[in-house]
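# What the coordinates show
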Amino acid sequence: MMRNAKQRGFTLLELMVVMVIAGIILGMISVTAVPGKKQHLEREAKRISSLLEVARDEAILRNLPVAIELDQFAYRFLIRSEQRWIPLKDDLLRERQYDISPLTLTLEPAPVQPGQFRIVFGREPVDKPFVLTLQSDAEKISIRADGIGHFYVDQ
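Residues numbered from 1 in each chain as written. Predicted model: local features only at pLDDT ≥ 70, side-chain atom pairs only at ≥ 80, totals over all residues. Heavy atoms only, no water.

### Things to note about the packing of aromatic side chains
Following the criterion strictly, the structure yields 4 aromatic pairs and no others. Judged by centre distance (5.5 Å) and plane angle (40°), the ring pair of Tyr75 and Tyr98 falls under tilted. Taken together, the residues span a long stretch of sequence, with Tyr75 in strand S2 (residues 74-81) and Tyr98 in the loop between strand S4 (96-97) and strand S5 (104-108) at a distance of 23 residues. Each ring, one from Phe121 and one from Phe151, has its centre 6.1 Å from the other, and the planes form 85°; the classification is edge-to-face. In this pair, Phe121 sits in strand S6 (residues 117-121) while Phe151 sits in strand S9 (residues 151-154), placing the two residues 30 residues apart along the sequence. Exposure remark for Phe121: the relative accessible area of 2% places this residue in the buried category. Of the residues examined, Phe151 reaches a relative accessible area of 9% and is grouped as buried. An aromatic cluster of at least three residues, connected via ring pairs, comprises Tyr75, Phe77 and Tyr98. (Phe/Tyr/Trp six-rings, centres within 6.5 Å; stacked < 30°, edge-to-face > 60°. Helix = DSSP H or I, 4+ residues; strand = E, 2+ residues; numbered from the N terminus. Buried < 20%, exposed > 50% of the residue type's maximum accessible area, 1.4 Å probe, protein only.)

Shown next as structure tokens:
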């Protein structure tokens, strides 16, 4: 048999090098595509910030106080009716679990009852400013309210 002077194709070593490079690139992409605690916390803070705006508007529209009550695992919205707080039956302002939990919460000014995190929106368009901080391990993010209906997420 006569051998062809020019062989075509790749050697096994060349194929292995290409596979290793492709694996490294895919590994880097998958690490950056999976959100970490910071991204989960930021997304949760933005969601809560948006829902706070809705709750504030709901209190004005219904002419009844609306509150958000938070704990380390979930948050819920309440409405004041006949001298008691009842859960708000609304698709948007329903009870929700955090993506990551438990969270450590702080509220400034400090709540009247320690450990109870309830922010109340009245019927007036002006409320007291506050800062709500969500923390998971070393990651923390704050939601600031200016008292006139604007909510900001601070890193």
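### Concerning the pairing of S6
In S6, alternate side chains face the same way, and those of Phe117, Ile119 and Phe121 are buried while those of Arg118 and Val120 on the opposite face are not. Both strand S1 (residues 66-70) and S6 contribute to a ladder of 5 bridges, which runs antiparallel. Paired with Ala67 across the two strands is Val120, which belongs to S6. (Pairing = 2+ DSSP bridges.)

### Observations concerning the sheet that holds S9
Here 4 strands make up an open sheet; going across it, the order is S5-S7-S8-S9 and the pairing antiparallel. Here the strands that pair on one side only, and so sit at the sheet edges, are S5 and S9. Each strand of the sheet is rotated relative to its neighbour by a mean of 15°, with strand direction disregarded. Bridge analysis of strand S8 (residues 139-145) against S9 gives 4 bridges, and the strand direction is antiparallel. Looking at the pairing, Arg144 lines up with Tyr152 of S9. In the packing of helix H2 (residues 37-62) onto the sheet, the strands contacted are strand S7 (130-136), S8 and S9, and the crossing angle to S8 comes to about 15°. (Axes fitted to C-alpha atoms, helices over the stretch in contact; angles between N-to-C directions. Contact = heavy atoms within 4.5 Å.)

### Some remarks on the environment of Phe117
Positionally, Phe117 belongs in strand S6. Given a relative accessible area of 14%, Phe117 falls into the buried group. Separated by 57 residues in the primary sequence, Phe117 and Ile60 have C-alpha atoms spaced 21 Å apart. Once you skip the residues sitting within four places of it in the chain, Phe117 turns out to touch Ile68, Glu69, Leu70, Leu105, Thr106, Leu107 and Pro111.

### Regarding H2
With 26 residues, H2 extends 36 Å from end C-alpha to end C-alpha; this agrees with the ideal 38 Å at 1.5 Å per step. Here H2 has its buried residues at His40, Leu41, Glu44, Ala45, Ile48, Ser49, Leu51, Leu52, Ala55, Arg56, Glu58 and Ala59. Residue Asn63 follows H2 closely and has a positive phi angle near 60°. (Expected span 1.5 Å × (residues − 1).)

### Section: a nonpolar patch on the surface
Side chains of Leu13, Val17, Ile21, Ile25, Leu26 and Ile29 sit close together on the surface and give an oily, nonpolar patch of about 590 Å² of accessible area. Checked against the element boundaries, Leu13 lands in helix H1 (residues 12-33). The class of Leu13 is exposed, set by a relative accessible area of 62%. (Patch = residues over 30% accessible without salt bridge, like charges linked within 9 Å, V, L, I, M, F, W, Y side chains within 5 Å. Areas by Shrake-Rupley, 256 points an atom, 1.4 Å probe, with all protein chains shown as cover. Salt bridge = Lys/Arg side-chain N within 4 Å of Asp/Glu carboxyl O.)

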